[in-house]
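# Coordinate inspection notes
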Protein chains: 2
Amino acid sequence: MEKYLAVLKEYHFKITPRRKAVLELFLRQKRYLGPYEIKQMLGKASLEVGLPSIYRILEELEGAGILIKIEHSSRRLYYSLCRKPHIDHHHFVCSKCNRVEEVEFCNFSEISSFIEEKLNAKVQHHSLRIEGLCSQCRRKKSL
Amino acid sequence: MEKYLAVLKEYHFKITPRRKAVLELFLRQKRYLGPYEIKQMLGKASLEVGLPSIYRILEELEGAGILIKIEHSSRRLYYSLCRKPHIDHHHFVCSKCNRVEEVEFCNFSEISSFIEEKLNAKVQHHSLRIEGLCSQCRRKKSL
DNA sequence: CTATAAATAGAAATCATTTCTATTTACATT
DNA sequence: AATGTAAATAGAAATGATTTCTATTTATAG
């Protein structure tokens, strides 16, 4: 937690109860969370937070590199905690339990230089979406 | 065009004026197109097509492997023609002119087996989003 | 030519996300 | 510890892409 609060300070974000509560929520989960779900979880802990605030907080935490945004194929937004913010990595998302794993491996530079040579283009961003079953879910055939 | 109509028949889709018109539109463009934009272009050619129909047609053509769906970071849907439907490939999207290029290169199997070993997971899907400037746009500094 | 399943239009609904504004709060600086 | 200020927040309302629904039309198999 302290680590993340330090990052917030670095970015000149104030340490507010809502931001801390959202962070705490993510620290206790290894799966991705959606805005409405977060609102409900905070509500259960007796902290009413408006959806617009949640959207904003999530955006800010993403901007600070604390959360990663997951653009789900359902076209809804989800976020997941970034355990190692400063290392180039991608995320594996379990299609059953929503668990998110960080994958510190990316041979993208090969693809990137292939594209730059072949198309004479300039690659700016890339994002790899990997979906499948995590070790737990692949064992259980049914949920 | 004939090639794509054959694919439609294969999938038991009827050859309708709307579907042909949408296909023609894509055959004349190398960039991605959005539903509303398509409606307007068809309108100029005096073919009024309702937006729900356009959404449906795009979805069907994607299902038949004729178009690829581009989930833009703006969270709007775009589609682009797939020139070589049956080869595993990814798409490079120019952030300036929206041109879409197919990239027949993917060393994903490496990443995939890395993940399956490391996380003991089962990889089901992956999609790589590559964004940058195409050869034309990187030359012109300003639009 | 006809039957019928598929395709379509248009209106309306949906619903995640964003915008706006008044109010409150964190915290740097006294 | 008090205070001023910019940042944070709530809540209502707007937005706008996408989807649903239903009545009507159309492509095409036989």
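Overview of the structure. Quick caveat, the model's predicted, so the values are computed rather than measured.

### With respect to the protein's contact with DNA strand D
- Around DNA strand D, the structure places 20 residues, and the nearest of them are T16, R18, R19 and S53 of chain A together with Y55 of chain B.
- The separation between a sugar or linking oxygen of DNA strand D and a polar side-chain atom of K14 of chain A is 3.3 Å.
- Contributions of two or more residues to the surface near DNA strand D are made by α2 (17-27) and α4 (51-63) of chain A together with α4 (51-63) of chain B.
- The greatest single-element share of the surface near DNA strand D, amounting to four residues, is contributed by α4 of chain A.
- Taken together, the residues that form the surface near DNA strand D break down as nine nonpolar, three polar and eight charged.

### Quick word on the relation of the copies chain A and chain B
- Of the transformation placing chain A onto chain B, the axial shift is 0.0 Å and the rotation is 180 degrees, giving an RMSD of 0.1 Å. Taken together, the rotation and translation relating the two chain copies correspond to the operation of a two-fold axis. For chain A, the minimum C-alpha distance to the rotation axis belongs to L128 of chain A and amounts to 2.2 Å.
- Interface overlap between copies is the fraction of interface residues in one copy that are interface residues in the other; for chain A against chain B it reaches 100%, indicating a shared surface.

### Observations regarding the state of the cysteines
- Scanning the model with the defined rule gives zero disulfides over all chains in all.
- Lacking any disulfide linkage, C134 of chain A is separated from the closest cysteine sulfur, that of C97 of chain A, by 3.7 Å.

### Some points on the sheet that holds strand β4 (residues 100-103) of chain B
- Across the sheet, six strands lie side by side as β4(A)-β3(A)-β5(A)-β5(B)-β3(B)-β4(B); this open sheet has mixed pairing. Each edge of the open sheet carries a strand with a single partner, namely β4 (100-103) of chain A together with β4 of chain B. Across the sheet, the axes of successive neighbouring strands diverge by a mean angle of 25 degrees, strand direction being ignored.
- As paired elements, strand β3 (residues 90-94) of chain B and strand β5 (residues 122-133) of chain B share four bridges and run parallel to each other. Bridge assignment links F92 of chain B to a residue of β5 of chain B, and that residue is I130 of chain B.
- Contacts from helix α5 (residues 108-119) of chain B reach β3 (90-94), β4 and β5 (122-133) of chain A together with β5 of chain B, with the element oriented near 135 degrees to β5 of chain B.

### Quick look at the protein's contact with DNA strand C
- The environment of DNA strand C is formed by 22 residues, the closest being I15 and Y55 of chain A together with T16, R18 and S53 of chain B.
- Counted by atom, the contact set of DNA strand C within 4 Å of the protein is 74% sugar and phosphate.
- A distance of 3.1 Å is found between a phosphate oxygen of DNA strand C and a side-chain nitrogen or oxygen belonging to R56 of chain B.
- At the level of secondary structure, the elements contributing two or more residues to the surface near DNA strand C comprise α4 of chain A together with α2 (17-27) and α4 of chain B.
- In terms of residues, the surface near DNA strand C owes the most to one element, α4 of chain B, which gives four residues.

### As for the pattern of salt bridges
- For the structure shown, the criterion picks out 14 salt bridges over all chains.
- Across the pair E116 of chain A and K122 of chain A runs a salt bridge whose closest N-O atoms are separated by 4.0 Å.
- The exposure class of K122 of chain A is partly exposed, given its relative accessible area of 37%.
- Residues E101 of chain B and K30 of chain B are paired through a salt bridge, measuring 3.7 Å at the closest nitrogen-oxygen approach. Taken together, the residues E101 of chain B in strand β4 and K30 of chain B in the loop between α2 and α3 (35-44) connect sequence positions 71 residues apart.
- Residue class for K30 of chain B comes out partly exposed when judged on its relative accessible area of 38%.
- Via salt bridges that share partners, R19, R56 and E60 of chain A belong to a single interconnected network.

Parameters and conventions
Along each chain, residues carry numbers from 1 onward, in the same order as the chain's sequence is written. Chain A is the first chain written and ligand 1 is the first ligand written, with later ones labelled in order. Since the coordinates come from a predicted model, pLDDT governs what is reported: local features require at least 70, and pairs of side-chain atoms require 80 or more to be given and counted, while whole-chain, interface and lining totals use all residues. Note: side-chain values were computed over all heavy atoms of the structure, leaving out hydrogens and water. For each residue, the test is whether any non-hydrogen atom lies within 4 Å of the molecule or strand; if one does, the residue is near. N or O atoms within 3.5 Å of each other form a polar contact, as long as, within protein, one can give a hydrogen and the other can take it, and as long as residues adjacent in sequence are counted only when both atoms are side-chain atoms. Runs of H or I in DSSP of at least four residues are treated as helices and runs of E of at least two as strands, each being numbered from the N terminus. Residues are grouped as follows: Ala, Val, Leu, Ile, Met, Phe, Trp, Tyr, Cys and Pro are nonpolar; Asp, Glu, Lys and Arg are charged; all remaining types, including Gly, are polar. Superposing copies: least-squares fit, C-alpha atoms only, residues required to have pLDDT of at least 70 in both. Residues count as neighbours in contact if any of their non-hydrogen atoms are within 4.5 Å of one another. Counting rule for disulfides: a pair of cysteine sulfur atoms within 2.5 Å. Paired strands, as defined in this entry, are two strands with at least two bridges between them according to DSSP. With axes taken as lines fitted to C-alpha atoms, and helix axes fitted only over the stretch in contact, angles between N-to-C directions fall between 0 and 180 degrees. Here, a salt bridge means any side-chain nitrogen of Lys or Arg that lies within 4 Å of a carboxyl oxygen of Asp or Glu. Accessible area is worked out with a 1.4 Å probe on protein chains only. A residue is then buried under 20% of its type maximum, exposed over 50%, and partly exposed in between.

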